Structure formats: structure tokens, C-alpha cells
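# An overview of the molecular structure
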Amino acid sequence: MNSAVSERTVIPILWDHLSHNTPSLLHASKSKDIILMVEPKKNSEKVNHHKKKLIFLISSMRHFAKELQENGWTVKYIKMRSPENSGSLRSEILQACKSNNISNILLTEPGNWQLRETLKSLQKGYDYNVKLLENNNFFSTHSTFSEWTSNRKELRLEYFYRMMRVKTGILIKKNKPTGGRWNYDKENRGTLSGSEKFKPPLQFKPDDITQEVIDDVNIEFAGNFGSDRNFWFGVTRSEAEVAFDYFLKHNLATFGKFQDAMDCDSSFLSHAVISMYLNAGLLNPITVCKKVEALYISGEVPLNSAEGFIRQILGWREFIRGIYWMSMPGYENQNFFNFSRSLPKFFWTGDTELQCLKSTIQQTNEEAYAHHIQRLMITGNFSLLAGITPEEVHQWYLAVYADAHEWVELPNTIGMSQYADGGKLASKPYISGGAYINKMSNYCGNCRFNVKKRNGPDACPFNYLYWNFLDKHQTRLNSNPRLRLPYSSLSKFDKEDLSKVRSDSKKFLEGLV
Ligand SMILES: Cc1cc2nc3c(=O)[nH]c(=O)nc-3n(C[C@H](O)[C@H](O)[C@H](O)COP(=O)(O)OP(=O)(O)OC[C@H]3O[C@@H](n4cnc5c(N)ncnc54)[C@H](O)[C@@H]3O)c2cc1C
Ligand code: SF4
């Protein structure tokens, strides 16, 4: 390094690293280094982020910056509406280095492959000393995942999850799974009787900082998707922790049983609604899982709830992250079925007669939240059955949920939901007709379509689209052992049945705009 250049370091903190324990901060010097935080601007964002997602992440950034300053850090904070905000993180980093005569840049790895490459390129093209440290808001590291994948033909969550249970010792007794089984998934498919009462997640009143962010977002991102009404998310670590403890007290015990249920009158049911906190760095997954394990050990929650919850975080969240980093670049363009249909406009408006979609999309618009089965079996299922281009489906999911960051959204969409990777992540496409939706929800009672009918103008579109999908993609899918049953049923369709399925589907899909 040039002797005139200072030994100081610029530490960019991104909106998914809002933790005092993020590695870049752990390696920084409070007395010398400069923290840089830059808000996005309208023209810097390709994604049509939900307003509540922006409010949550930006208010959390402002609160975190305040905490850092109160703790004695030097923070250069650039707000979205500041005239000096160029709209480019890369330019702001270069500017901060230039104006302080600094050539060292240290940051926690972004959760987006393209951004990571852009930041790494500062090393080559500009002669900066760029150091990226792996994000520690996970149980596993990149090398844990690559060691696990080596020599494996198939990557399946179940085996990764077992390895992680053993490695962490969570819900493990004498090297065996607590309770004798690894997985209580079968006990997690309870349906609602209508009499259950769920406590909605703990809500917080916006403080002055959040109120200012709401105003800024409404100016800078005025045309973006989503409602900004009744913003209630926590925006600090302490609020996120209180919200999680509230979930533990009120909803964890029933989490397992009703994990897959859907209800048009309850957006959250027993779900934790903490993914946005975990992914922003406001909650730590290890602390979260340890608290759940402790409640099982003390007898306060049943094993199916504790195991079901821990599997989501220790299993799915870690597995999904591993798949993202091993599959990029290129994963975003996967299109196994060669779909080319555009995303229907109603995904942005909720203006559709299909009640399950209408309800899920309206809820998404209102809350920037839908739980897993709504994402997988309503909007995801429909997109797959209708043959929507996976890239457009991906852009939608990345935009509309407060927890969406590319490392977690992309594999869930491309791999789990759209089977666009041809089965790298999921062992079969997650598709269903209306019967499953009717069993797991109360949507169908309010729908103009008849869930029991397979054909005709009032038949549930999920029904004919389901058989049409299986029929159309038979050569690609009929050797999949997990689809043996539906293909055996399809083989019993007579010519007339099949022709009705095909013509109803054609008509419906032609009308989709
Ligand atoms: C198409 C599609 C897109 C998705 N996009 C995202 C996304 O952008 N960000 C995101 O965090 N999750 C995503 N998920 C996974 C899952 O739907 C959400 O994590 C969950 O709904 C968040 O709500 P919750 O906190 O109430 O979760 P709970 O149901 O209470 O589960 C607890 C926690 O487990 C973790 N978890 C559960 N399932 C998954 C999963 N499949 N992948 C990763 N973590 C998981 C989350 O951190 C979650 O907070 C997506 C799923 C699908 C099918
Ligand atoms: S009848 Fe079909 S379209 Fe209507 S809510 Fe039920 S599953 Fe959805």
C-alpha cells in the first residue's frame, strides 16, 4: 500500500448485516475505521420492493446506525433523499475511500452473488484492498455445505438436516434424535376447525425515526408495490427479541400442528413471523433454536412443534443458503420446463376471481408477508401450473416479502417452488389441485369456482390445470417415483376426460393477462 494512504478501513454495512456481531465489525477498529451505510434510491433499485419491506429495512438501518454512533463508532450515513446519494453503493464506497484517503475495504459478504462480484471487482480494477468475511448469522459455513455435498448424487434437505442436528447437538440425545425420530412432519399437517384462536405477532408503534422513513419511502418509492398502512414490524434487535419471545409464549406450542394450514381471516396463524428479523441480522438463528430446544426440554412445548420449528431454521434456512452459493451464477436463469408465459397482472393487484390467490395476494400487499404454504401452494403452485417464466416469478417473490433477499428467495422460488432447476433442490414439483387447498384452508367456501369440479366454466382452475400440467410434462416427469400415484390416476383418464382437461386449460390460460 502507498505510504501516503492511511491504515484506516471503510466498513460498508448492508441492510442484511444489522448485527453488532457481524464479522466486519468484529474485525474493525472503533477508533480508526469508518462505517459506511447507504440507503437505496429509486433509480438504484431494479426490484419493485414492497413499501413495508423498504420501511422495515431502512428504519432498521437508521436505528442500527444510531446504536453504532452511541457506541462510539464513526458512521457515514447516506439517506435515500440526500443530494449526495449517487444511487450506487459501489460509487459511495469509492467516494468514502477517496475522501478519507483510505484503500482498505472490509465487509461482511452480501447475500447477493452479483453484488459480491461487484464489490470484489474493486480489488482488481481499482487497486483497493477488499476483504469479504463470511456472514456468521448462520449455523453452518460455506465449507460445511461444500463438504457435505461432495460425492453426493442428490442433495436432499432431510440428510443435510440430520447432519446439522448431529453437528450442533440440537435435539440430540446420546447421538440419537430426541424422541427417536428425526422428523415429525406427519404430525404437522393439522387442519383448522374454525374454533382455534391464534395470537397475532407482537406489533410495535412506529417511533419518530420510523415515521420519517415512512414519509421518505412514500416520496422516493411512491409507485412501489404494497401498502404502507399500519406498519408494525420491530426495527431493532431488542424489539425483534421481544417479538420472538412473544411467539414462544403464545404460538410455538401450536406451530407444529398448524404449520401447513391456511385461513383467509388470519394471516399469521401460529407462524413466528421472524424471517425478516433473522435475514436482516436482528435475530440470531442459534439463539432462536436454543430457546426453542430449552422450552421442549422444560416440557413447555411438544416435540412436534419444537422439532418442526428447528427444522425450518437449522434445516431449511441453512440448506437453502448452501444451494444458493453453490448454484450461482446461472441459477436465476434456470427454466427446466421452458416456460414463457408472463406473470399475470393480478399478482400485483389481487384482482382475480380465484379466491385463494386473491386472498394471498391481498394479504401480501397489506403485510409484506405470507406464510410458507401460501407462498408454495397458492401463488407458487399456480405459477407452476400456469407455466409462468420462472425469472418473472422470482422477481415477484424478491419484491413482495419483507424477508426477501436473493440468497434465500431465489432457491425457494426457482428450486423448491418452480422446479425450474429440474429437481436439484426438490424431489418433485410442489403442485396440487383444489382438493389440497380446500383441505388445508377455508378459501374455497368464498370462491365463485367449485372446488369439487374438474371441468366446465365453474370448475376450480387448479383442478384442470393440475392434470394438464402432468399430461403436458409427462416425458419429463413420469419416471419420478414421487409422482407415480398421480400418473397412475392420469393413465385412467379416458380420451374425453383428457380432452376436457386440455381444452379448459387452454381457454383459461389464453384468458390470463
Ligand atoms: C416461493 C417461496 C419464496 C420464499 N422466499 C423467502 C424469502 O425471500 N425469505 C425467507 O426468509 N423465506 C422465504 N421462503 C421460505 C418461507 O416461506 C419463509 O421463511 C417463511 O414463510 C417466513 O415466515 P415465518 O417467519 O413466519 O416462518 P415460520 O413458518 O414461523 O418458520 C420459522 C423460520 O424458519 C425459516 N424458514 C422456514 N422455511 C424456510 C425456507 N424454505 N427457506 C428458508 N428459511 C425458512 C425462516 O427463517 C422462518 O422465519 C420462501 C418460500 C417459498 C415457497
Ligand atoms: S375453488 Fe379453486 S380457485 Fe377457488 S379458492 Fe378453492 S382452490 Fe382456489
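The structure displayed is predicted, hence computed values, not measured ones. (Residues numbered from 1 in each chain as written. Chains lettered and ligands numbered in written order. Predicted model: local features only at pLDDT ≥ 70, side-chain atom pairs only at ≥ 80, totals over all residues. Heavy atoms only, no water.)

### Focus on helix 17 (residues 406–417)
The element helix 17 is extensively covered by neighbouring structure, given that eleven of its twelve residues are classed as buried. For helix 17, every residue scored as buried is listed here: E406, W407, V408, E409, L410, P411, T413, I414, G415, M416 and S417. Packing partners of the buried residues in helix 17 comprise helix 4 (113–126), helix 10 (275–280), helix 12 (303–327), helix 15 (372–386) and helix 16 (390–400). Phi for Y419, located one or two positions after helix 17, is positive at around 50°. (Buried < 20%, exposed > 50% of the residue type's maximum accessible area, 1.4 Å probe, protein only. Helix = DSSP H or I, 4+ residues; strand = E, 2+ residues; numbered from the N terminus. Contact = heavy atoms within 4.5 Å.)

### Observations regarding the sheet that holds strand 5 (residues 129–133)
On the basis of which strands lie adjacent, the open sheet formed by five strands has the order 3-2-1-4-5 and parallel pairing. Here the strands that pair on one side only, and so sit at the sheet edges, are strand 3 (74–78) and strand 5. Each neighbouring strand pair of the sheet contributes to a mean axis angle of 25°, computed without reference to strand direction. Where strand 2 (residues 34–38) and strand 3 come together, five bridges link them in parallel fashion. Bridging across to strand 3, M37 finds its partner in Y77. Running at roughly 155° to strand 2, helix 3 (residues 89–99) makes contact with strand 1 (6–12), strand 2, strand 3 and strand 4 (102–108) of the sheet. Against the sheet, helix 4 engages strand 4 and strand 5, with an angle of about 145° to strand 5. (Pairing = 2+ DSSP bridges. Axes fitted to C-alpha atoms, helices over the stretch in contact; angles between N-to-C directions.)

### Notes on the site of ligand 1
As a matter of local geometry, ligand 1 sits amid 29 residues, with H271, A272, V273, N279 and Y369 nearest to it. Between S275 and ligand 1, the recorded distance is 3.1 Å, taken from a backbone N or O atom to an oxygen atom. Contact between ligand 1 and D403: a nitrogen atom at 3.1 Å from a main-chain N or O atom of the residue. In isolation ligand 1 has 820 Å² of accessible area, and contact with the protein removes 99% of it. Sorting the residues of the shell around ligand 1 by element identifies helix 10, helix 12, helix 15 and helix 17 as the ones contributing at least two each. Split into classes, the residues belonging to the shell around ligand 1 amount to 16 nonpolar, nine polar and four charged. Residue-level mapping places the shell around ligand 1 at the junction of two domains, with at least three residues from each of domain 2 (142–198 + 251–326) and domain 3 (346–510). (Near = heavy atom within 4 Å. Polar contact = N/O pair within 3.5 Å; in protein donor to acceptor, adjacent residues only side chain to side chain. Areas by Shrake-Rupley, 256 points an atom, 1.4 Å probe, with all protein chains shown as cover. Nonpolar A, V, L, I, M, F, W, Y, C, P; charged D, E, K, R; others polar. Domains from an automatic or database assignment.)

### Comments concerning the nonpolar core
Ranked by size, the top nonpolar core spans 148 residues in total, and within it M37, F56, I274, Y277, F309, F319 and F382 carry the most contacts. Residues contacting F382, with those up to four places away along its chain left out, are P344, F346, F347, L354, L357, F462, L465, F508 and L512. One finds V10, C97, I102 and Y128 within the second-largest nonpolar core, a separate group that totals 17 residues. (Core = buried A, V, L, I, M, F, W, Y, C linked by side-chain atoms within 4.5 Å.)

### Topic: the domain arrangement of the chain
By the assigned domains, the chain splits into domain 1 (6–133), domain 2 (142–198 + 251–326) and domain 3 (346–510). Contacts between domain 1 and domain 2 engage 14 residues on the former and ten residues on the latter. Here domain 1 meets domain 2 over a buried area of about 790 Å², counting both sides, of which 61% is carbon and sulfur. Its largest share of buried area at the contact with domain 2, domain 1 owes to L18, F56 and E109, together 49% of the area lost on that side. The interface formed by domain 1 and domain 2 includes zero salt bridges. At the junction of domain 1 with domain 2, the criterion picks out three residue pairs in polar contact (both at pLDDT 80 or more). Of the residues assigned to the side of domain 1 that touches domain 2, the class counts are six nonpolar, five polar and three charged. (Buried area = accessible area lost by both parts, 1.4 Å probe. Salt bridge = Lys/Arg side-chain N within 4 Å of Asp/Glu carboxyl O.)

### Structural notes on the side chain of E92
With respect to the helices and strands, the residue E92 is situated in helix 3. Buried and unpaired, E92 has K76 as its nearest opposite-charge partner, separated by 6.8 Å. Discounting residues that sit within four places of it in the chain, E92 has contacts with L36, V38, I78, E84, N85, S86 and G87. (Lys, Arg positive; Asp, Glu negative; His and termini not counted.)

### Details of the pairing of strand 2
Among the five residues in strand 2, five count as buried, and that is most of the element. Alternating residues of strand 2 divide into I34, L36 and V38 and I35 and M37, and every residue in both groups is buried. In this sheet, strand 2 lies alongside strand 1 in parallel orientation, the contact comprising three bridges. Bridging across to strand 2, P12 finds its partner in L36. Taking the sense of rotation as the criterion, the β-α-β connection linking strand 2, helix 2 (residues 51–70) and strand 3 turns out right-handed. (Right-handed = clockwise from strand over helix to strand, strands pointing away.)

### Section: the site of ligand 2
Contacts to ligand 2 come from L354, Q355, C356, G434, I437, Y443, C444, C447, F449, V451, C460 and F462. Looking at the shell around ligand 2, the elements with two or more residues in it are helix 14 (355–367) and helix 18 (434–440). For the shell around ligand 2, a count of residues per class yields ten nonpolar, two polar and no charged.

### Looking at the pairing of strand 1
With respect to burial, strand 1 is a largely interior element, five of its seven residues being buried. The sheet contact formed by strand 1 and strand 4 spans three bridges and is parallel. Bridging across to strand 4, S6 finds its partner in I102.

### Comments concerning the side chain of H394
For H394, the location among the structural elements is in helix 16. Owing to a relative accessible area of 2%, H394 belongs among the buried residues under this scheme. Of note is the side chain of H394, whose polar atom sits 2.7 Å from the side chain of E409. What H394 contacts, discounting residues up to four positions off in sequence, is E406, E409, L410, T413 and I414.

### Considerations on the environment of G511
Relative to the elements of secondary structure, G511 occurs in the segment after helix 22 (495–510). Residue class for G511 comes out exposed when judged on its relative accessible area of 55%. When the C-alpha atoms of G511 and Y397 are compared, they prove to be 23 Å apart, with 114 residues separating the residues in sequence.

### Observations concerning the packing of aromatic side chains
Throughout the structure, instances matching the rule amount to 39 aromatic pairs. Ring geometry for F347 versus W396: centroids 5.0 Å apart, planes at 85°, classification edge-to-face. Of this pair, F347 sits in helix 13 (residues 346–349) while W396 sits in helix 16; the two residues are 49 residues apart in sequence, bridging distant segments of the chain. An angle of 65° between the planes, with centres 5.9 Å apart, marks the rings of F382 and F462 as edge-to-face. Within this pair, whereas F382 is found in helix 15, its partner F462 is found in helix 19 (residues 461–472), the two being separated by 80 residues in sequence. Overall, F382 belongs to the buried group, its relative accessible area being 1%. An aromatic cluster is present here, built from F346, F347, F382, W396, Y397, Y401, F462, Y464 and F508 joined pairwise through their rings. The ring of F138 has R321 lying over it, and the distance from NZ or CZ to the ring centre is 3.9 Å. (Phe/Tyr/Trp six-rings, centres within 6.5 Å; stacked < 30°, edge-to-face > 60°. Lys NZ or Arg CZ within 6 Å of the ring centre and 35° of its normal.)

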